[in-house]
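# Examination of the molecular architecture
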Amino acid sequence: MDLNTSLSIATSGLEATQYAIGVLSQNVSNASTTGYVEEVANVNTKDTTGTGSGVSIGLTTRNVNNALEAGLYTQNADVEALTVKDNSLSTITALQGSTSSDSGSTDTLSDELGNVSDALTTLVSDPTDSTAQSTVISDAQSLVSTISTLSDAYQSARQSAQDSIVSGVSSVNTDLTTIGSLSQQIVALQVQGASTADLENERAEAMSDLSSKVSVTFTETSTGDMLVKTADGTQLPTEPASGSGIEIPTSTWPLSTSDSTLTTTSAYTDPSTLTSDPAAIELNGKDITTSLTGGSLGANIALRDTTYPTMQAQLDSFSYTLANRFESAGLSLFTSSSDSMTFSDGTTLASDGSTTTANSSSISSTNITGFSSTLEVNPSFVSDTSQLVPDGSTTLAAAALSTALGSADADVSGDLAAPSTSLGATGTISTGYSGTQSLSELATTLTSAQAAVASSATSDLSTATTVQTSLATKVSDVSGVDVDNEMSNIVALQNAYTANAKVVTVVQTMWTALLDAV
């Protein structure tokens, strides 16, 4: 082997070693970066007419297991969806308190109702006692306040979900177009035969972020482009059409929606048939709201359109049944503060508690959406508590105890049954339980049903997080960066660099000696 060949081999070794150290150093510096996959420095041997002539630098590749990555992306969406749901519902369960059987021990609906029952019992035993009369009104107002607080909490949480949807759409757009922008660069470099590992890792970070916002699948094409689809197969574009004038990345394309201030009667509907409030999420003018499931975005859509409307419907049903059964017993203790209210026996009361004539907006068994937010104690009883026992008669109070708060079939069925179907602004919601229960049973069932939804989210989150952790560990074992191993490899490469440098030095010394001899 002549000196030129020896120098060429050593020089190529220096260049390859320097390249490999650079790749390893980058792995170490990105070891904790989400979505980063270990990069592999590829060095190839050079062969000249069957004789080794050094090494050449190949393309840097990524040590990735696509199946494991796909599984982790799916689990990311599940965990984030359950996290959003669990955090949101924890506020509601804190307000509802415990379903303890000790009446008066908590602020649950059943306990507040128990306080009203106790106050009526005391009033029946001493109808002329003004304090007993005031206690009935006070406890009834406390019950109404608890109902109003719950209704406000549902609407506040629902509005928060709506606001998160709007910001979530912007974040999804940013991730999608970041993927598109990086894909354009990757495709261009692959055409040139250049390494794309760094760009692929940047793209993987955006993909990981997107997977926590909505359930999606990723498919890489043969050219290096990345296709993104929702769980139901709807393709989400990552790059705008040429000539569109849209610069990527951007937070305003391809999805669009708008802010909405929700009320108890607001409901998402198919915009092709009705004007939807809140606004739909559209892709090129097409509503894809129902295609966006999982992740934080999908969870907020479900909370806004399903979870909280159902809870509101359950509370509205209970509130109407409370007012209706008391009125049927002859004691119109509860009514609406915003409009007239028509009861099952045909009686209509104005918001001030006086008898009036029903109108098209009167609250009735078929028109109770949002009623819990306007429920109030009849103003006429508040201003004159003696009306609870007119002329000292306990007839009305006793009837309220035996029938309005009773559990006999006649007191809980027929027109006195709690509305349980065709509820909500869309008329498609059901309470999920029987309406032929006593008021106390309805209150307990409502609280238990809603607590079960929150408990299920907490339990499911724990399970999903365990699975996510397991998958993340497997991905890390296969594709992650082992810092200790990388540092060990760097030391070995530094030794190799030193050895090649010595060869170069020896060859240079020999050349010098040769030239001096001449």
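The structure this text deals with has already been given above.
Residues numbered from 1 in each chain as written. Predicted model: local features only at pLDDT ≥ 70, side-chain atom pairs only at ≥ 80, totals over all residues. Heavy atoms only, no water.

### A look at unusual backbone geometry
Ile 248 connects to Pro 249 through a cis peptide bond whose omega is 5°. Mapped onto the fold, Pro 249 is located in the loop between β7 (235-236) and β8 (255-256). The omega angle of the peptide bond from Trp 253 to Pro 254 is 10°, so this bond is cis rather than trans. Within the secondary structure, Pro 254 is located in the loop between β7 and β8. (Helix = DSSP H or I, 4+ residues; strand = E, 2+ residues; numbered from the N terminus.)

### A closer look at the nonpolar core
Core analysis: the largest hydrophobic core is formed by 63 residues, its most contacted members being Leu 109, Leu 322, Phe 326, Leu 333 and Phe 334. Of all the secondary-structure elements, those providing two or more residues to this core are α2 (66-96), α3 (109-125), α4 (130-192), α6 (295-328), β14 (375-377), α8 (395-404) and α10 (439-479). The element contributing the most residues to this core is α4, with 12 residues. With sequence-adjacent residues up to four places away left out, Leu 322 is seen in contact with Leu 113, Leu 143, Ile 147, Phe 334, Leu 375 and Leu 439. If you look at the next biggest cluster of nonpolar residues, it comprises 23 residues, including Ile 165, Val 216, Ile 281 and Ile 288. (Core = buried A, V, L, I, M, F, W, Y, C linked by side-chain atoms within 4.5 Å. Buried < 20%, exposed > 50% of the residue type's maximum accessible area, 1.4 Å probe, protein only. Contact = heavy atoms within 4.5 Å.)

### Points about α6
The terminal C-alpha atoms of α6, which comprises 34 residues, lie 47 Å apart, in line with the 50 Å expected from a rise of 1.5 Å per residue. Its maximal kink placed at Leu 303, α6 deviates by approximately 45°. Extensive coverage of α6 is indicated by the burial of 29 of its 34 residues. Immediately beyond the C-terminal end of α6, within one or two residues, lies Gly 330, with a positive phi of roughly 100°. (Expected span 1.5 Å × (residues − 1). Bend = angle between axes of the 7 residues up to and from the residue.)

### Thoughts on the environment of Thr 394
Structurally, Thr 394 is set in the loop between α7 (379-383) and α8. Using a relative accessible area of 24% as the deciding quantity, one classes Thr 394 as partly exposed. Distance from Thr 394 to Asp 86, taken between C-alpha atoms, is 47 Å for residues 308 residues apart in sequence. Among residues more than four places away in sequence, those in contact with Thr 394 are Val 124, Pro 127 and Val 389.

All quantities given are derived from atomic positions and should not be read as evidence of function.
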